[in-house]
Each structure stands twice: as C-alpha cells, then as structure tokens.
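What the coordinates show
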Amino acid sequence: VEYGKLNRHESVALARIMLAKPQGIQYVKKYIDEKKLEESEELGDAISQFDPDLALKIYFQGKAHMKVLTVLVGKGNWELVVKYVKQQGTDFPMDWTAILAQIMDMRNPDGAAALAQMIAGDPEITVDHSKTVEMFVQRQAVKPATAYLLEVLKENKPEHADLQTRLLEINL
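Model, not experiment: these values are computed from the prediction.

Moving on, we get to the nonpolar core. Membership of the largest hydrophobic core comes to 41 residues, with the highest contact counts inside it found for L69, V81, W96, L115, I119, F136 and Y148. Looking at this core, the elements with two or more residues in it are α4 (52-61), α5 (65-75), α6 (78-88), α7 (96-105), α8 (109-120), α9 (129-138), α10 (142-152) and α11 (161-171). In terms of residues, this core owes the most to one element, α7, which gives six residues. Those residues in contact with L69 that sit more than four places away from it in its chain are V81, Y84, V85, F92, M94 and I99. Among the nonpolar cores identified, the runner-up in size contains 14 residues, and L6, V12, L19 and I32 belong to it.

Okay, structure coming up:
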C-alpha cells in the first residue's frame, strides 16, 4: 500500500481484514481517498454493510452498473436511476421492466408506479409497454398498471389501441 495502488484482489483482501477490526471502515475510507485501493464490485460488496454510500461510490467508479442501480432503487431515488441509465447510454442497455419488477418485489408498488410513469413520459427511453403492464398485472398491481397506462396513452396514438383495450380490461 505504501508503494502504490493495490490490484482488485489485493484491495478486497485488505479491505476485508481491515473491516474485521474496530474502526476498520475509517482505514478503508482513507485508502480509497488516497487512491490506494482499486474500486470494484467486490470491494463495494465488502464495504456495503458498513457504509452504503461509500459502497455506492465504489460501485460507480468500478462501473458495476447493476449494483449502482440496486443501491439507487433501494434508496427510492428514481430521478437518479433514470439519470444514471441515460448517462451510460448504449454501453448499458436497460431492461426497465426488470427494474420495475425488482421494485415491486421489494414491496414498493408506489415506487414502481412513480418510476414507471417517469420513464413512460420520457421520449428518450424505450420500453416495451405491454411487457411492463403485464409485469404489474401479474403482481395484482392494478393501480400502478393503470397509472402507467394513463401516462403512456396521453398522446392517444393509433398504435396504442391494444394498450387502450388493456387499460379497460384491467379496470373492469
């Protein structure tokens, strides 16, 4: 550590040793700030139970995209979820339905509905509307499915005829 930056495996091994000791997270933070440890998904995992915000920083710098999203989703910060995915561009194709399903599985239908409406109203985001609606319906989440469809159907496009029918079916 005194002579340079540790590689990924050395960084994780040292962090685990330090985290086993009292005040160990302080030493890990110090080494990260001094750029002595290589950021990686594994290092973030080791630190996450001690300092979730530091783990998020490590995931971000280590380009562990799904871990970054998992932390942001866990915090319910939908704007940052959308912003992060957009920043990654085509390097990180996103399955929005899978993210919404993850949020629903965390027993957060209101959060899933909020994110769904946000992505439905964003012209830069491509999402399979039918697949997303079915994900909500399978989880008996009529209210989020309805809110999502109402956002998608605002423009009343002819190609959304099937979704209009599905909206009626769900609510009858």
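Read on for the rest.
Within α5, burial applies to H65, V68, L69, V71, L72 and V73. Taken together, the buried residues of α5 touch α4, α6 and α7.

Here we come to the packing of α9 against α11. At their nearest, the axes of α9 and α11 sit 11 Å apart, and the two run at 10 degrees to each other. Comparing the axis directions of α9 and α11 gives the class roughly parallel. For the pair α9 and α11, the contacting residues are H129, S130, V133, E134 and V137 in the first and L163, R166 and I170 in the second. A breakdown of the residues in the contact of α9 with α11 according to their chemical character gives four nonpolar, two polar and two charged.

To continue, consider unusual backbone geometry. Phi angles above zero are rare outside glycine, and Q23 is one such case at about 60 degrees. When you line up the elements, Q23 lands in the loop between α1 (8-19) and α2 (24-33). Relative accessible area serves as the criterion here: at 57%, Q23 is assigned to the exposed category.

Here is what the cut-offs are and how they apply
Residues numbered from 1 in each chain as written. Predicted model: local features only at pLDDT ≥ 70, side-chain atom pairs only at ≥ 80, totals over all residues. Heavy atoms only, no water. Core = buried A, V, L, I, M, F, W, Y, C linked by side-chain atoms within 4.5 Å. Buried < 20%, exposed > 50% of the residue type's maximum accessible area, 1.4 Å probe, protein only. Helix = DSSP H or I, 4+ residues; strand = E, 2+ residues; numbered from the N terminus. Contact = heavy atoms within 4.5 Å. Axes fitted to C-alpha atoms, helices over the stretch in contact; angles between N-to-C directions. Parallel < 35°, antiparallel > 145°, perpendicular 65-115°, else oblique. Nonpolar A, V, L, I, M, F, W, Y, C, P; charged D, E, K, R; others polar.

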